[in-house]
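# A closer look at the structure
The lines below spell out each chain.
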Amino acid sequence: MAGEAAERVAAAVEAVGSGGWEFRNAYRRQLLALSRRIRLLGPFAEELREARRGRPAEEEEEQERALAPLADALEEALDLLQLGRDGSRIFLVLDRNKVMKKFHESIAQLEQALCDFPYDKLDISDEVTEQVELVHVQLKRAKERVDMPDDEFYHELLSLYNKSHDPSAELDILGRLSEKLHLTTITDLTQESLALHEMVASGGGNDPGEHIEKMSMLLKKIKDFVQTQNPEMGPPVTTKVMDSNGEPRPINIPDEFRCPISLELMKDPVIVATGQTYERAFIEKWIASGHHTCPNTQQRMPNTTLTPNYVLRSLIAQWCEANGIDPPKRPTEADKPTSSCSPSERAIIDALLSKLCSADPEEQRSAAAELRLLAKRNANNRICIAEAGAIPLLLSLLSSSDLQTQEHAVTALLNLSIHEDNKSSIILSGAVPGIVHVLKNGSMQARENAAATLFSLSVVDEYKVTIGGTGAIPALVVLLSEGSPRGMKDAAAALFNLCIYQGNKGRAIRAGLVPLIMGLVTNPTGALLDEAMAILSILSSHPEGKAAIGAAEPVPVLVEMIGSGSPRNRENAAAVMLHLSVHNGHLARAQECGIMVPLRELALNGTDRGKRKAVQLLERMSRFLVMQHEDTVSQQLDEIERQFAALGPNVTEADLEQLGEQLGYL
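An unreviewed UniProt entry annotates the chain as RING-type E3 ubiquitin transferase originating from Sorghum bicolor. On record in UniProt, under Pathway (unreviewed entry), the comment for the chain is "Protein modification; protein ubiquitination."

In structure tokens form, the structure reads like this:
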């Protein structure tokens, strides 16, 4: 553990000082100020590394405690700078309240970490101490000052986003926005399109589907404007061809011929698992960046197979020919982007791998920590680190007695697993037992990252079987019951993925998952409700799951969910209720709870799946109610027959009249 925080501080400061931090968005001033203050800590980071050498272990532990808050704050600031460099410029402006909150929190965290800093315990020179104190003063001043981006800029962008602007002023607004957003070239526009999809998919907003649609529309407007103003930029969305008189005429490219990511006419359209079509190069880059969702629909893609869309390619070629446009040429294999290390990058990675093999535990820990950070940064690093042979070496550290080393190793594997090709390398290296060992025995942070790693690996269908057979499921259930909110979320996500495979459902049910899930479903805070309902839906299709759910008295909460839950939770509640409906007792209870009204409403206004489940459940409820009525009538007839027989030969006209009235009621 000793020296770990010093390495983290130095690594973060070096990352900011390494260059390549170009900020072309509305927060340029704030981002430059933050990066400048962190770069001023460069000499401090150098002295920290020097001071570590030869220091007694007890002093290093004291230094660790002193530096840990600063290391955490610098890593948070580094994440914010990366967001400012790589994030969607449109999204960052529209989400300015959250972005500014991140700035304020980051500055406050850095300022607090430097407040009453114990320089005497770190053996730092007076000159460097003065420089750090200067940074602290700047941060303290920045913390007290609200520095919001251009207000008019925000409102103009918002007016286009919400379509609340004056149509006659649209061109002027688009001109100002393209300049302020630095969206003036094809490269800018393409990068913004990719960044926009990535940011929305990674969790911005309550309704990513709506966000992606509106912001894609907004970006298209800006792109059309820029290309209209600058015809030399290349084929615009509205292109021009020569008519019979030699005059140029505009041609609108049909929306279905343009890639939803790049907004360009597709050259090599391919279909992903959700049925959506994209330009091959752009969707490959999306997947290589670690995404498992469809950019357009936000649905999880069950696999990453790309199927050529020959029909659409033919239609595009026909359209081009009909409009006098050269059909787009498909890129050759040589044109496809490759990810490879430069010699200097490979040298750095090789040096870290040598340290992983060291007999010195501290060198192992330090190297694992640096690989963890490198693998987090980008897809190219993930490919390079795996190609260099890091995976088997990291696996060997999963059984380390040093919990910090163990945590770094499993987190590095998590970051590497984001790249699709690395998943198979990790599985084939026999990583799962080691990851499960960490999941059971590591620190809480390591256990949570182990769960996230299993979730990442379990995206591939065949790996669900491998992971499920290693004892991972009971350990994930334990983490779901005692982890932090983030750990519980990772455990729930991994369990959901694993339980898609029928053979794992029984394991999860026998590990006690159902009572835990029912506890989350009824939790008044609503924490993990969406995940719990999704898991409940897939477990209810298993005979043991059906029995365990039925024993938990679920019907009242399911009926309430069908009536007032979110669209996805309503459909999952209906799916669970449909599986339980094989038992008349559950149907009778549902009738008592008033299920018919919300069920009819779901059948009319629910999601497609929700409508299907609601219609099926209504049919079963109707049959049950008819049977229930028939049983009631039969019982009443039997009672009347018994009464008539009891009257015997002494029956009177009044008795017959009373029995007749009873029959009339039936």
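Text resumes after the structure shown.
Along the chain, the regular secondary structure elements total 34 helices and five strands. Sorting the 666 residues of the chain into buried and exposed places 49% on the buried side. The contacts in the chain between residues at least 6 apart in sequence include a share of 69% that link residues at least 24 apart. Of the roughly 31,500 Å² of accessible surface on the chain, 51% is carried by carbon and sulfur atoms.

Below, the discussion takes up unusual backbone geometry. The phi dihedral of Leu528 falls on the positive side, at around 60°, and the residue is not glycine. Mapping Leu528 onto the fold places it in the loop between helix H26 (513-521) and helix H27 (529-539). By relative accessible area, Leu528 is classed as buried at 12%. Despite not being glycine, Glu553 shows a phi value in the positive range, around 50°. Examined against the element boundaries, Glu553 turns out to sit in the loop between helix H28 (543-550) and helix H29 (555-564). In this structure Glu553 comes out as exposed when scored by relative accessible area, which is 59%.

Another aspect to go through is the sheet that holds strand S4 (residues 277-279). Within a sheet, neighbouring strands are paired by backbone hydrogen bonds and run either parallel or antiparallel to one another. Spatial ordering of the open sheet is given by S4-S3-S5, a layout of three strands whose pairing is antiparallel. Strand pairing shows two members of the sheet lacking a second neighbour, S4 and strand S5 (307-308), which therefore form its edges. Of the pairings in the sheet, the one linking strand S3 (residues 269-271) to S5 comprises two bridges and is antiparallel in character. When the sheet's bridge partners are listed, Ile271 is paired in S5 with Thr307. Against the sheet, helix H12 (residues 280-288) contacts S3, S4 and S5, and its axis sits at roughly 95° relative to S4.

With respect to the element layout, Ser540 can be found in the loop between H27 and H28. Judged by relative accessible area, which is 0%, Ser540 ranks as buried. Setting aside anything within four residues of it in sequence, one finds Ser540 in contact with Lys546, Ile549, Ala575, Val576 and His579.

A few words on the nonpolar core. Core analysis: the biggest nonpolar cluster contains 95 residues, and Leu480 and Ile595 have the highest contact counts within it. With residues near it in sequence (within four places) discarded, Ile595 still touches Val559, Ile562, Met577, Ala590, Leu617 and Met621. Ile38, Leu41, Ala71 and Leu218 belong to the second-largest nonpolar core, a separate cluster that totals 66 residues.

Of note, Asp490 is situated in helix H24 (residues 485-499). Of the residues examined, Asp490 reaches a relative accessible area of 15% and is grouped as buried. With residues up to four places along the chain from it excluded, the contact list for Asp490 reads Glu448, Ala451, Ala452 and Phe455.

In this section: helix H1 (residues 4-17). Since the α-helix packs 3.6 residues into each turn, any two residues three or four apart lie on the same face. When the terminal C-alpha atoms of H1 are compared, their 20 Å separation across 14 residues agrees well with the 20 Å that a helix rising 1.5 Å per residue should span. Where H1 is concerned, the buried positions are Glu4, Ala5, Ala6, Glu7, Arg8, Val9, Ala10, Ala11, Ala12, Val13, Ala15 and Val16.

This structure, assessed with the given rule, holds 21 salt bridges. Close ionic contact of Glu111 with Lys143 constitutes a salt bridge, the shortest N to O distance being 3.0 Å. Linking Glu111 in helix H6 (residues 96-114) with Lys143 in helix H7 (residues 126-143), this pair joins segments that are 32 residues apart in sequence. Put simply, Arg280 and Asp268 hold a salt bridge, and the shortest N to O gap is 2.7 Å. Linking Arg280 in helix H12 with Asp268 in the loop between strand S2 (248-252) and S3, this pair joins segments that are 12 residues apart in sequence. We classify Arg280 as buried; its relative accessible area is 13%.

What follows deals with the packing of H1 against helix H2 (residues 28-39). In the contact formed by H1 and H2, the axes pass within 9 Å of each other and the chain directions differ by 125°. On the basis of their axis angle, the class for H1 and H2 is oblique. You can see that H1 and H2 cross each other, and the crossing is left-handed. For the pair formed by H1 and H2, the contact residues are Val13, Val16 and Gly17 on the first element and Ser35, Ile38 and Arg39 on the second. Classifying every residue of the contact of H1 with H2 by side-chain character gives three nonpolar, two polar and one charged.

So, on to the environment of Arg486. Note on placement: Arg486 falls in helix H24. Distance from Arg486 to Gln445, taken between C-alpha atoms, is 9.7 Å for residues 41 residues apart in sequence. At 3.5 Å, the side chain of Arg486 forms a polar contact with the side chain of Glu448. For Arg486, the side chain forms a polar contact with the side chain of Asn449, separated by 3.0 Å.

Following the sequence through the fold, Leu558 ends up in helix H29. Taking the C-alpha atoms as reference points, Leu558 and Val576, separated by 18 residues in sequence, lie 7.9 Å from one another. Filtering out sequence-adjacent residues up to four positions away, Leu558 remains in contact with Met533, Leu536, Ala573, Val576, Met577 and Leu580.

Analysis parameters
Residues numbered from 1 in each chain as written. Predicted model: local features only at pLDDT ≥ 70, side-chain atom pairs only at ≥ 80, totals over all residues. Heavy atoms only, no water. UniProt positions renumbered as here; feature names shortened; annotations may be inferred. Helix = DSSP H or I, 4+ residues; strand = E, 2+ residues; numbered from the N terminus. Buried < 20%, exposed > 50% of the residue type's maximum accessible area, 1.4 Å probe, protein only. Contact = heavy atoms within 4.5 Å. Areas by Shrake-Rupley, 256 points an atom, 1.4 Å probe, with all protein chains shown as cover. Pairing = 2+ DSSP bridges. Axes fitted to C-alpha atoms, helices over the stretch in contact; angles between N-to-C directions. Core = buried A, V, L, I, M, F, W, Y, C linked by side-chain atoms within 4.5 Å. Expected span 1.5 Å × (residues − 1). Salt bridge = Lys/Arg side-chain N within 4 Å of Asp/Glu carboxyl O. Parallel < 35°, antiparallel > 145°, perpendicular 65-115°, else oblique. Left-handed = near helix turned anticlockwise from the far one by under 90°. Nonpolar A, V, L, I, M, F, W, Y, C, P; charged D, E, K, R; others polar. Polar contact = N/O pair within 3.5 Å; in protein donor to acceptor, adjacent residues only side chain to side chain.

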